Amino acid sequence: RDEISVLRISDFNTTGLVKSKEHFSSPWFNLVTASGVSQKSGSAGGSFGIGKSAPFACTDIRTVFYSTLDEDGIEASQGVCRIATFEDKNGNETAGKGYYGVRDDKFPNKNAPTYEQLCLDPQFKREESGTDIYIMGFKEWGNWKDEIIKSLLNDFLISIYEDKLEVIVDDAIINRRTLENVLNSFYAKYEKDLRKTYNYYQLLISDKTRTFEYEIKDLGKIEFKVLLGADVPELGLDLHRQALITRTNGMKLFERGYISGSIPFVGGLKLTDDRD
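In what follows, the accompanying structure is described. (Residues numbered from 1 in each chain as written. Predicted model: local features only at pLDDT ≥ 70, side-chain atom pairs only at ≥ 80, totals over all residues. Heavy atoms only, no water.)

Another aspect to go through is the side chain of Arg82. Mapped onto the elements of the fold, Arg82 is located in strand E3 (residues 75-82). For the buried residue Arg82, which engages in no salt bridge, the nearest side chain bearing the opposite charge is Asp60, 16 Å off. In this structure the side chain of Arg82 is engaged in a polar contact, spanning 3.1 Å, whose partner is the side chain of Ser53. With near-sequence residues (within four places) excluded, Arg82 lies in contact with Lys52, Ser53, Phe56, Arg62, Gly96 and Lys97. (Helix = DSSP H or I, 4+ residues; strand = E, 2+ residues; numbered from the N terminus. Buried < 20%, exposed > 50% of the residue type's maximum accessible area, 1.4 Å probe, protein only. Lys, Arg positive; Asp, Glu negative; His and termini not counted. Salt bridge = Lys/Arg side-chain N within 4 Å of Asp/Glu carboxyl O. Polar contact = N/O pair within 3.5 Å; in protein donor to acceptor, adjacent residues only side chain to side chain. Contact = heavy atoms within 4.5 Å.)

Running from N to C, helix H3 (residues 179-189) and helix H4 (residues 191-205) point in directions that differ by 145 degrees, and their axes come no closer than 8 Å. The two elements H3 and H4 meet at a crossing, and its hand is left-handed. Only Glu191, Leu194, Arg195, Thr197, Tyr198 and Tyr201 of H4 make contact with H3, whose side of the interface consists of Leu179, Glu180, Leu183, Asn184, Phe186, Tyr187 and Lys189. (Axes fitted to C-alpha atoms, helices over the stretch in contact; angles between N-to-C directions. Left-handed = near helix turned anticlockwise from the far one by under 90°.)

Here we take up H3. Taken together, the buried positions of H3 are Leu179, Val182, Leu183, Phe186 and Tyr187. Along the long axis of H3, the arc covered by the buried residues comes to 125 degrees, so they all point the same way. Among the exposed residues of H3, those pointing more than 90 degrees away from its buried face are Asn181, Ala188 and Lys189. (Arc of directions from axis to C-beta.)

The five strands lie next to each other as E1-E7-E2-E3-E4, forming an open sheet whose pairing is antiparallel. The open sheet has two edge strands, strand E1 (6-10) and strand E4 (97-100), and neither has a second partner. With strand direction ignored, the average angle separating the axes of adjacent strands in the sheet is 20 degrees. Pairing geometry for E3 and E4, over four bridges, is antiparallel. Within the sheet, the bridge partner assigned to Cys81 lies in E4 and is Gly98. (Pairing = 2+ DSSP bridges.)

Glancing now at the sheet that holds strand E14 (residues 265-271). Overall, mixed pairing links the five strands, which are arranged E10-E11-E14-E12-E13 in an open sheet. Edge positions in the open sheet fall to strand E10 (210-216) and strand E13 (252-256), since each of these has one partner strand only. With direction set aside, neighbouring strand axes in the sheet form an average angle of 20 degrees. Sheet analysis places strand E12 (residues 242-246) next to E14, joined by five bridges and oriented parallel. For Ala243, the partnering residue across the bridge sits in E14 and is Gly267. Strands strand E11 (220-228), E12, E13 and E14 of the sheet are contacted by H4, whose axis makes an angle of about 75 degrees with E14.

Here the focus is the pattern of salt bridges. When the charged atoms of two side chains with opposite charge come close together, those side chains can pair. For the structure shown, the criterion picks out 14 salt bridges. Close ionic contact of Asp105 with Arg103 constitutes a salt bridge, the shortest N to O distance being 3.9 Å. Residues Asp105 and Arg103 agree in their burial class; the two are exposed.

With that out of the way, let us pick up the packing of helix H2 (residues 144-161) against H4. Helix-helix packing is characterised by the crossing angle of the two axes and by the distance between the axes. Between H2 and H4, the shortest axis-to-axis distance is 9 Å and the interhelical angle comes to 10 degrees. When the interaxial angle is binned, H2 and H4 end up roughly parallel. Contacts from Lys150, Leu153, Asn154, Leu157, Ile158 and Tyr161 of H2 reach H4 at Asp193, Leu194, Thr197, Tyr200, Tyr201, Leu204 and Ile205. In terms of residue class, the contact of H2 with H4 is built from nine nonpolar, two polar and two charged. (Parallel < 35°, antiparallel > 145°, perpendicular 65-115°, else oblique. Nonpolar A, V, L, I, M, F, W, Y, C, P; charged D, E, K, R; others polar.)

Before going further, it helps to examine the packing of aromatic side chains. For the structure shown, the criterion picks out seven aromatic pairs. Each ring, one from Tyr161 and one from Tyr201, has its centre 6.2 Å from the other, and the planes form 85 degrees; the classification is edge-to-face. With Tyr161 in helix H2 and Tyr201 in helix H4, this pair connects stretches of sequence that are 40 residues apart. Taken together, Phe138, Trp141 and Trp144 form an aromatic cluster joined through their ring pairs. (Phe/Tyr/Trp six-rings, centres within 6.5 Å; stacked < 30°, edge-to-face > 60°.)

Its location among the elements puts Ile133 in strand E7 (residues 130-136). Its relative accessible area of 17% is what places Ile133 among the buried residues. Residues in contact with Ile133, not counting those within four places in the same chain, are Leu7, Arg8, Ile9, Val64, Phe65 and Tyr66.

Dropping the structure here:
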C-alpha cells in the first residue's frame, strides 16, 4: 500500500523516557528493549511489565515506534518489530524481534536508538517532555474509539475524577469536567460493560458514602469508601458487592469480591501512601 494507518499515543506533563543513552536498567531500556523486567517504586503509574506488549496486539505488522523528548532535553526514537519465530527454507531459525535504529556494540543486541524525535504525524511535533508511541498498521476495528474510552472509564475512573488524568481520544475529551456526561452517555449504550464503573462513580459522588481511614503498620495508610444499597434505595442501583482497589494515583489494580453475598454494596480502597 502507499499508506497505512498509524495510531499515535502521546503523554504530556511527564518526564519522558529518560536515560535513553544508558545501556541497562533505564526507563528507555526497560520499555523498548528489556524482557521480563519490572521497575516499580512508590506511586509510579506503571512498571513496563506485560502492559508494554499491549500496543503490539493492535498492529497488523507487529511494529511499534517509540519517540521521546525527556526532561533533560534529550531526544530519542527507535522502532521495534515482534514477529513469530520460524525456520526459513534452509532450516535457519529466524529471530522474532527486530529493531529500527543505529548499530552500537555497547547496547544490548547492538541496537541503539537514534537521538532525534520521530515525527510521523505532520501536524504534531513535541515541544515539551513526554513520550509518543506510534502503532504501525493500526487495526481499526469497529468502534475502536468507544472501546478505548470504555477502557479508560473502567481502569482510570478515580484518576479522572480526581483531576489527575485527562485523555483526548480523537475529538473526545475525557476529564473531570466531562466525566459525568461521558459516563452517562456510554452507560446508556454499554450498560453491561460499564455497570461496575457506574456503581463506583455513584460511590464517589453520593453524600451517603461512608469513608474510613486506617494505618497499617509498616505499610502505611489506606482509605476505604463504601456505599450501601440500603442507604440509597431511591437510586435503584444494582450494586455488585465488590470493592475497587487503586493506587494513590487512582490507577485500578484489581477488584475484590466475595465479601458479602447478601448485602448490596459498592466499595473503593485506595492505597494512599507512597511506600513500596
